[in-house]
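Here is what each chain is made of, one letter per residue.
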Amino acid sequence: MSTTGARTHAERRAAAFEVYERFTNGEVDPERAQRSMTRRLGALGTFAFDVVMGDVWSRPELSRRDRSLIVITVLATIGSSEELSLHTEVGLNHGLTRTEIEEILIQVAAYAGFPMAMAASRVVDERFRTLDGVDRLPERSGADELDDDERERRAAEVRGTLTAGRASSDPSVDMARLVEHLGEVGRIAYHWAFGDLWSRDELSRRDRSIVVIAILTVLSRTDELAFHVPAGLNHGLSRTEIEEIMVQMTIYGGIPRAVEGYQAMKKAYDKIDARS
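Thresholds, definitions, all that
Residues numbered from 1 in each chain as written. Predicted model: local features only at pLDDT ≥ 70, side-chain atom pairs only at ≥ 80, totals over all residues. Heavy atoms only, no water. Helix = DSSP H or I, 4+ residues; strand = E, 2+ residues; numbered from the N terminus. Rg over C-alpha atoms; globule rule 2.2 N^0.38 Å. Buried < 20%, exposed > 50% of the residue type's maximum accessible area, 1.4 Å probe, protein only. Contact = heavy atoms within 4.5 Å. Areas by Shrake-Rupley, 256 points an atom, 1.4 Å probe, with all protein chains shown as cover. Lys, Arg positive; Asp, Glu negative; His and termini not counted. Charge placed at Lys NZ, Arg CZ, Asp CG, Glu CD. Salt bridge = Lys/Arg side-chain N within 4 Å of Asp/Glu carboxyl O. Phe/Tyr/Trp six-rings, centres within 6.5 Å; stacked < 30°, edge-to-face > 60°. Lys NZ or Arg CZ within 6 Å of the ring centre and 35° of its normal. Expected span 1.5 Å × (residues − 1). Axes fitted to C-alpha atoms, helices over the stretch in contact; angles between N-to-C directions. Nonpolar A, V, L, I, M, F, W, Y, C, P; charged D, E, K, R; others polar. Core = buried A, V, L, I, M, F, W, Y, C linked by side-chain atoms within 4.5 Å.

**Section: the overall build of the protein**
And then number 1: The helix and strand tally for the protein stands at 13 helices and 0 strands.
And then number 2: Seen in sequence order, the protein has helices and strands lined up from the N terminus as α-α-α-α-α-α-α-α-α-α-α-α-α.
And then number 3: In summary, the protein has a C-alpha radius of gyration of 20 Å against a globular reference of 19 Å for 276 residues, a match within 12%.
And then number 4: Put simply, the protein has 276 residues, and 46% of those count as buried.
And then number 5: A separation of at least 24 residues holds for 68% of the contacts in the protein among residues at least 6 apart in sequence.
And then number 6: Of the roughly 14000 Å² of accessible surface on the protein, a fraction of 50% belongs to carbon and sulfur atoms.
And then number 7: Charge centroids of the protein, computed over 36 positive and 45 negative side chains, lie 4 Å from each other.

Okay, structure coming up:
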């Protein structure tokens, strides 16, 4: 489907119905759902179909799985519990695994804070229990218990991929530079974010970049986007895909945040292009 040509309202509505069918795994009639939503919410309900699903979710520039990755991230970051519960199931219908959804929340813990991640985890677990029809989920395994030497070794490898090899491959040198720049905040970031978290294989580096760019955009952390937009490119995202994160943000983070994110993205691209 082209996103550049003009469409009739009927075409947009048809695209929205196709999206909704996938949202619900074909279990709910989209036309009936649209009528019900409009009766209850008026124009807001109309736009929820025609704009959210017909204009944005139907775009081909990102897969539905990737869009769910973004949306679950944003909803966890801003504490939108009811919507997060719904989109946990939507994400499963779009091909995300439960492990991947849980891993999103771990990334949220580092980039938006543990309180948001813990609250989101309770919402996600409740949805999993409802889907399974159980009162308690199976026991989970903990993270690797790493000494600082191993955390630093892993962090240096991660930083190598984030920076396309511009960071020092010597962990002591690389960490010292970060500590010199950021003090003890840099040390925690090196050990926890890069050594513990980014090195985990429950999500790909590409997916982690999507998650982090989404978090930074919805939190209006444009200075951090200057680092993580190029890092996303280094992890295999295309410029079109990163721009599409900003498009998704118009709906789930609001247009002002999307505009800020887009401008930060463009500045990062201009810097890359000037350097090359």
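**Topic: the environment of Ala-10**
And then number 1: Tracing the backbone through its elements, the reader meets Ala-10 in helix 1 (residues 9-23).
And then number 2: Placed 252 residues apart in sequence, Ala-10 and Tyr-262 show a C-alpha to C-alpha distance of 30 Å.

**Digging into the pattern of salt bridges**
And then number 1: Overall, the coordinates contain 30 salt bridges when judged by the stated rule.
And then number 2: Its salt-bridge partner being Arg-208, residue Glu-103 comes within 2.8 Å of it at the nearest N-O pair. On the criterion of sequence distance, the pair formed by Glu-103 in helix 6 (residues 98-112) and Arg-208 in helix 10 (residues 205-218) is long-range, its members being 105 residues apart. Each member of the pair, Glu-103 as well as Arg-208, carries the same accessibility label: buried.
And then number 3: Note that Asp-144 is salt-bridged to Arg-154, the shortest N-O span being 3.6 Å. Note that Asp-144 is positioned in the loop between helix 7 (114-132) and helix 8 (148-162) and Arg-154 in helix 8, a separation of 10 residues in sequence.
And then number 4: Among the residues examined, Asp-144 registers a relative accessible area of 53% and is labelled exposed.
And then number 5: What you see here is one network of salt bridges that share partners, running through Arg-65, Asp-66, Glu-100, Arg-206, Asp-207 and Glu-241.

**Structural notes on the packing of aromatic side chains**
And then number 1: Evaluated as defined, the whole model comprises 5 aromatic pairs.
And then number 2: The interplanar angle of 85° and the centroid separation of 4.9 Å between the aromatic rings of Phe-23 and Trp-57 together place this pair among those described as edge-to-face. Placement of Phe-23 in helix 1 and of Trp-57 in helix 3 (residues 43-57) is noted, with a sequence separation of 34 residues between them.
And then number 3: Among the residues examined, Trp-57 registers a relative accessible area of 0% and is labelled buried.
And then number 4: Taken together, the aromatic side chains of Phe-17, Tyr-20 and Phe-49 make up a single cluster linked through ring pairs.
And then number 5: Across from the ring centre of Phe-128, 4.6 Å away, lies the NZ or CZ of Arg-98, which sits over that ring.
And then number 6: Sitting above the plane of the Tyr-269 ring, Arg-239 keeps its charged end 4.5 Å from the centroid.

**Some thoughts on helix 6**
And then number 1: In this model, helix 6 (15 residues) spans 21 Å end to end at C-alpha, consistent with the 21 Å of a helix rising 1.5 Å per residue.
And then number 2: Every buried residue of helix 6 is accounted for by Glu-100, Ile-101, Glu-103, Ile-104, Leu-105, Gln-107, Val-108, Ala-109 and Tyr-111.
And then number 3: The elements touched by buried residues of helix 6 are helix 4 (64-78), helix 5 (81-93), helix 7, helix 9 (171-197), helix 10 and helix 11 (222-234).
And then number 4: Residue Gly-113 follows helix 6 closely and has a positive phi angle near 110°.

**Thoughts on the packing of helix 2 (residues 30-41) against helix 3**
When two helices pack together, their arrangement is given by the angle between the helix axes and by the axis-to-axis distance.
And then number 1: Relative orientation of the contacting elements helix 2 and helix 3 amounts to 145°, with a least axis distance of 6 Å. Contact with helix 2, carried on its side by Pro-30, Ala-33, Gln-34, Met-37, Thr-38 and Leu-41, involves Ala-43, Leu-44, Gly-45, Thr-46, Ala-48 and Phe-49 of helix 3 and no other residues of that element.
And then number 2: Each residue belonging to the contact of helix 2 with helix 3 can be placed in one class, and the counts come to 8 nonpolar, 4 polar and no charged.

**Examining unusual backbone geometry**
And then number 1: Here Asn-25, not a glycine, exhibits a phi torsion of approximately 60°, which is positive.
And then number 2: Mapped onto the secondary structure, Asn-25 falls in the loop between helix 1 and helix 2.
And then number 3: In this structure, Ser-220 takes a positive phi of about 60° despite not being glycine.
And then number 4: With respect to the helices and strands, the residue Ser-220 is situated in the loop between helix 10 and helix 11.

**Notes on the side chain of Arg-67**
And then number 1: Locating Arg-67 in the fold gives a position in helix 4.
And then number 2: Aside from chain neighbours lying at most four places away, what touches Arg-67 is Val-56, Trp-57, Arg-59, Glu-61, Leu-62, Glu-244 and Gln-248.

**Some remarks on the nonpolar core**
And then number 1: Phe-49, Met-53, Ile-70, Leu-84, Phe-194 and Met-249 are the most contacted members of the largest nonpolar core, which has 69 residues in total.
And then number 2: Element by element, the count of residues in this core is highest for helix 10, at 8 residues.
And then number 3: In contact with Phe-194, not counting residues within four places along its chain, are Tyr-111, Arg-154, Ala-155, Val-158, Arg-159, Leu-162, Leu-178, Ala-189 and Ser-199.

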